[in-house]
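The residues making up each chain are set out below.
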Amino acid sequence: MRQFTVEEATALLPRVRRLAEKMVELRARLRALQHEAEARRRAAGSNGGGRLPAGSEQQVGVGDTTLAELRKTLGAIEELGVLVKDVDVGLLDFPARHPVTGENVLLCWKVGETEIGYWHGEAEGFAGRKSLPLS
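Starting afresh in each chain, residues are numbered from 1 along the sequence in its written order. With pLDDT at 70 or above as the cut-off, local features in this predicted model cover only qualifying residues; side-chain atom pairs require 80 or more to be listed or tallied, and sums for whole chains, interfaces and linings still use all residues. Computation of side-chain values covers all heavy atoms of the structure but excludes hydrogens and water.

Visitor: Looking at this structure, I do not really get the overall build of the protein chain. What am I missing?
Guide: Where helices and strands are cited, they refer to DSSP runs of H or I of at least four residues and of E of at least two residues respectively, numbered from the N terminus. Summing up its helical and strand segments, the protein chain has two helices and five strands in all. When the helices and strands of the protein chain are read in sequence order from the N terminus, they spell out α-α-β-β-β-β-β. Think of it in three bands: residues with accessible area under 20% of the maximum for their type are buried, residues over 50% are exposed, and the middle band is partly exposed, with areas taken using a 1.4 Å probe on protein chains only. Taking all 135 residues of the protein chain together, the buried fraction comes to 37%. Throughout, the Shrake-Rupley method with a 1.4 Å probe supplies accessible areas, and for residues the shown protein chains are the sole cover considered. Carbon together with sulfur atoms contributes 53% to the accessible area of the protein chain, which is approximately 8000 Å² in total.

This is the structure:
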């Protein structure tokens, strides 16, 4: 597993930010398509013929394409060595080593934050975020 310094993670952030924002947008689009598909299934059950409304096949194609694009985006983030923790909000962790203790830690960032400003231990998660610098 790749380990980042704060400087390396910060340098990579512009690229990661674009991918993470795309990931969040694709996930939201996929969720909307899922809700719409469920509404179409409910409508089919009450239309007397059990037929899906017109356009349902096209919607499935859009959903498949969106899912494939989301998977590709997730793969691109993970190829960089960054861990995806929450697809819906764009929560990512950059594995790192604490400079004082030598312990493995995670530099924490999520979509909407302007910089990597937090870290936490591997077992602490988002709720255990501490402000940088590592101390």
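Visitor: Looking at this model, I keep getting lost on the nonpolar core. Mind explaining?
Guide: The tendency in soluble globular proteins is for nonpolar side chains to be buried as a group. Note on terminology: a nonpolar core comprises buried Ala, Val, Leu, Ile, Met, Phe, Trp, Tyr and Cys residues joined through side-chain atoms within 4.5 Å. The biggest cluster of nonpolar side chains holds 26 residues, and the ones touching the most others in it are Met-23, Val-82, Leu-92, Phe-94 and Leu-107. Listing elements by their share of this core, those giving two or more residues are helix H1 (6-45), helix H2 (56-79), strand E2 (91-97) and strand E3 (104-110). No other element matches the 10 residues that H1 contributes to this core. Look past the residues within four positions of Leu-92 in its chain and what remains in contact with it is Val-16, Ala-20, Met-23, Ile-77, Val-82, Leu-83, Val-84, Leu-107, Cys-108 and Trp-109. Residues are treated as being in contact if the distance between any of their heavy atoms lies within 4.5 Å.

Visitor: What should I look at first to understand the pairing of E3 in this one?
Guide: Looking along a regular strand, one sees the side chains alternate between the two faces of the sheet. Taken across its seven residues, E3 has five buried, putting it largely inside the fold. Across seven bridges, the pairing between E2 and E3 is antiparallel. What sits directly across from Ala-96, in E3, is Val-105. Strands were regarded as paired on the criterion that DSSP finds at least two bridges between them. Turn length for the E2-E3 hairpin, with the two strands adjacent in sequence and antiparallel, is six residues, and the turn residue Gly-102 shows positive phi of about 80°. Bridge count between E3 and strand E4 (residues 118-121): four bridges; the pairing is antiparallel. Bridged to Val-105 within E4 is Gly-121.

Visitor: What should I look at first to understand the pattern of salt bridges in this one?
Guide: Pairing between side chains becomes possible if they bear opposite charge and their charged atoms approach one another. Here, a salt bridge means any side-chain nitrogen of Lys or Arg that lies within 4 Å of a carboxyl oxygen of Asp or Glu. Inspection of every chain in the model, using the stated rule, returns six salt bridges. For Asp-88, the salt bridge identified is with Arg-31, shortest N-O distance 3.1 Å. Here Asp-88 is found in the loop between strand E1 (83-86) and E2, whereas its partner Arg-31 is found in helix H1, with 57 residues between them in sequence. For Asp-88, a relative accessible area of 37% puts it in the partly exposed group. On the accessibility criterion, Arg-31 (34% relative accessible area) is partly exposed.

Visitor: What exactly am I supposed to notice about the side chain of His-98 here?
Guide: Positionally, His-98 belongs in the loop between E2 and E3. Note on His-98: relative accessible area 4%, which makes it buried. Between N or O atoms, a polar contact is any pair within 3.5 Å; within protein, one atom must be a potential hydrogen donor and the other a potential acceptor, and residues adjacent in sequence are included only when both atoms are from side chains. In this structure the side chain of His-98 is engaged in a polar contact, spanning 3.1 Å, whose partner is the backbone nitrogen of Val-100. A distance of 3.2 Å separates a polar atom in the side chain of His-98 from the backbone nitrogen of Thr-101.

Visitor: Can you help me understand the environment of Gln-3 in this one?
Guide: Locating Gln-3 in the fold gives a position in the segment before H1. The spacing of Gln-3 and Gly-81 is 78 residues in sequence and 7.9 Å in space, taken between C-alpha atoms. Among all residues touching Gln-3, those that are not within four sequence positions of it are Glu-8, Pro-95, Ala-96, Arg-97 and Asn-104. There is a polar contact of 3.4 Å between the side chain of Gln-3 and the backbone nitrogen of Arg-97. In terms of polar contacts, Gln-3 uses its side chain to reach the side chain of Asn-104, at 3.2 Å.

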